[in-house]
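# Residue-level structure breakdown
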Amino acid sequence: MPILSRFVRQAVPVLCSLFLSAGPALCQSDSGVLVTVAGGLNQPIGVIAEPGNNSRLFVIGKTGLVYVLNVERNSLAETYSVGATPALNITSRVYSPGNRGMLGLAFPPDYATSGKAYVFYTTQETGPDTGVICRYTRDPDNHARFLPESRELIFTAPIGVYHHGGCLRFGPDGMLYFAKGDEGNIGLLAARNPGVLYGKLLRLDVSRDDFPLDPLRNYGIPAGNPFAQQAGGLPEVWAVGLRSPWQFSFDLQTGAMWMGDVGESAWEEVTYTPAGRASVDYGWPSYEGNVPGPFGTLGANPATITFPAYAYPHSAQPGYEANQLGCSVNGGYVYRGALIPSWSGRYFWSDFCSGQVFSGVRSVTTGLLTDVRSMNAGLYLPVNGVTPPPLSNPSAFGESNAGELFICEFGGRIRKMVPRYAAADVGRAGGQVGPDGALDNNDFVVFIDWFFFSDARCDMGRAGGVPGSDGLIDNNDFIVFIDN
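Among the 6 residues that make up strand 22 (residues 329–334), 6 are buried, leaving the element largely enclosed by the rest of the structure. Taken together, the 4 bridges between strand 22 and strand 23 (residues 347–351) define a ladder with antiparallel strand orientation. Of the residues in strand 23, the one forming a bridge with valine 329 is aspartate 351.

Formed by 60 residues in total, the largest nonpolar core has its most connected members in Leu105, Tyr121, Ile133, Phe146, Phe155, Trp349 and Leu369. When residues no more than four places from it in sequence are discounted, the contact partners of isoleucine 133 are Tyr118, Val119, Phe120, Glu152, Leu153, Ile154, Phe155, Leu168, Leu176, Phe178 and Leu204.

The next point concerns the sheet that holds strand 10 (residues 142–158). Strands in a sheet are paired, the pairing made by backbone hydrogen bonds, and the direction either parallel or antiparallel. The antiparallel open sheet is built from 4 strands, whose spatial order is 7-8-9-10. Across the chains shown, the open sheet's two edge strands, defined by having one partner strand only, are strand 7 (102–106) and strand 10. Averaged over all neighbouring strand pairs, the angle between strand axes comes to 25°, with direction disregarded. Relative to strand 10, strand 9 (residues 130–139) runs antiparallel, the two sharing 9 bridges. Bridge assignment links valine 132 to a residue of strand 10, and that residue is threonine 156.

With that settled, consider the packing of aromatic side chains. One pass over the full model with this rule turns up 33 aromatic pairs. Centroid distance tyrosine 111 to phenylalanine 146: 6.4 Å. Interplanar angle 50°. Geometry classified as tilted. Of this pair, tyrosine 111 sits in helix 2 (residues 111–114) while phenylalanine 146 sits in strand 10, and the two are 35 residues apart along the sequence. Each member of the pair, tyrosine 111 together with phenylalanine 146, is buried. The interplanar angle of 65° and the centroid separation of 5.2 Å between the aromatic rings of tyrosine 177 and phenylalanine 250 together place this pair among those described as edge-to-face. With tyrosine 177 in strand 12 (residues 176–180) and phenylalanine 250 in strand 15 (residues 245–250), the pair connects residues that are 73 residues apart, well separated along the chain. Since its relative accessible area comes to 4%, tyrosine 177 is described here as buried. On the accessibility criterion, phenylalanine 250 (14% relative accessible area) is buried.

Calculation notes
- Residues numbered from 1 in each chain as written.
- Predicted model: local features only at pLDDT ≥ 70, side-chain atom pairs only at ≥ 80, totals over all residues.
- Heavy atoms only, no water.
- Buried < 20%, exposed > 50% of the residue type's maximum accessible area, 1.4 Å probe, protein only.
- Helix = DSSP H or I, 4+ residues; strand = E, 2+ residues; numbered from the N terminus.
- Pairing = 2+ DSSP bridges.
- Core = buried A, V, L, I, M, F, W, Y, C linked by side-chain atoms within 4.5 Å.
- Contact = heavy atoms within 4.5 Å.
- Axes fitted to C-alpha atoms, helices over the stretch in contact; angles between N-to-C directions.
- Phe/Tyr/Trp six-rings, centres within 6.5 Å; stacked < 30°, edge-to-face > 60°.

Quick look at the structure:
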């Protein structure tokens with residue numbers, strides 16, 4: 001066997017050059033595809049990593065369920081399963097028709113020790129429609145569960161019928177950020193007014209209570225908030241001028257914020273904000289995208305507006321291809337994973353209506369997204385001979401602790417973006433067993449070693465080169481491995 005391994009190590013570079021000249025290559029390790037990791041969920045709208053734990057993710061269900069997504073790893077694969085019992089069930093509290101529901105979930109930096117989780121949901125428990133941020137405590141005997149009776153009210157505000165925002169994220173500074181929409185006609189014209197909550201990005205310190213006499217405000221005002229020490233606006237306000245912010249995220253590497261803000265009638269927005277920048281005016285309703293809003297600019301000075309890093313239209317416009325249209329943006333993440341190196345630093349987002357997944361790279365000179373492309377053609381390439389089904393109403397993204405990306409479909413599926421060659425990623429340097437995110441000579445060495453020893457892990461193919469184990473180690477397995 002050592003002689004065979006030496007032969008393979010010498011031969012594979014030649015094989016790679018042949019494959020590369022022939023089209024899709026054994027050695028091409030930088031394409032990503034969609035695989036389904038969970039299904040049958042009720043309106044999933046977010047995948048949230050558990051800090052410090054790579055064996056479990058949590059999925060936000062709009063109706064008031066938080067699902068557990070268990071992750072199991074071995075030397076060959078990563079498998080996912082939905083826990084039999086939700087981590088949290090507050091459907092009796094959540095009012096979820098239309099745009100309403102449980103819309104946000106976030107874990108603080110000290111989650112491993114505090115066991116606290118924060119959720120935002122809309123409710124009618126007190127009569128009128130209300131949006132609340134509440135804190136729940138982890139079950140000390142079952143870390144995959146939160147105690148419903150541990151509920152603590154943190155923040156409350158009246159809401160309208162739609163445009164709630166609802167995304168919660170802890171920033172690199174440890175503060176809780178909350179995107180609140182303009183609530184439709186209720187707050188449309190007030191979105192740039194820092195004296196009201198509508199159309200704002202809020203920043204809260206949930207480690208203390210600066211309002212002990214107010215049972216509806218159980219949080220502190222962080223130093224650095226624009227109106228923390230001065231008049232002219234609410235102390236919670238961090239930024240203004242949002243319409244319907246649907247999902248924002250912080251870049252794991254730079255701390256910068258990226259956000260999707262759903263447009264009115266013509267343009268969808270993707271915004272970029274450097275880490276720590278406060279008092280940003282995103283322009284709504286004076287501007288929609290880069291053009292005047294439905295009532296004109298309302299006297300806004302464009303020099304004070306932070307315009308989108310990218311805006312895309314609802315209908316055909318010069319400079320936009322047909323697959324770059326949409327009607328409802330889902331903010332995503334900057335890819336910082338290791339599985340698909342060529343994606344590093346690209347910002348990913350999607351559109352609920354068109355089902356398109358987009359990505360682009362921010363220009364350091366202009367601040368705008370460049371090389372913007374639809375990713376769908378690549379994401380739908382066959383995996384193990386099976387073509388992934390099209391995305392249907394992608395509702396939100398998710399990110400693992402390692403920076404790998406997931407996509408929720410509102411109808412109930414969770415997809416993960418993985419390298420197309422994942423099934424053939426079986427070896428590490430030196431011919432050792434185990435996937436390492438690269439498809440190279442080591443994988444060929446490991447596979448050949450298994451093949452000649454009739455190791456069951458090499459049983460990848462059936463007659464005709466169809467993927468799937470059949471209890472035989474034969475040429476079909478070699479065909480499937482090469483295809484992968």
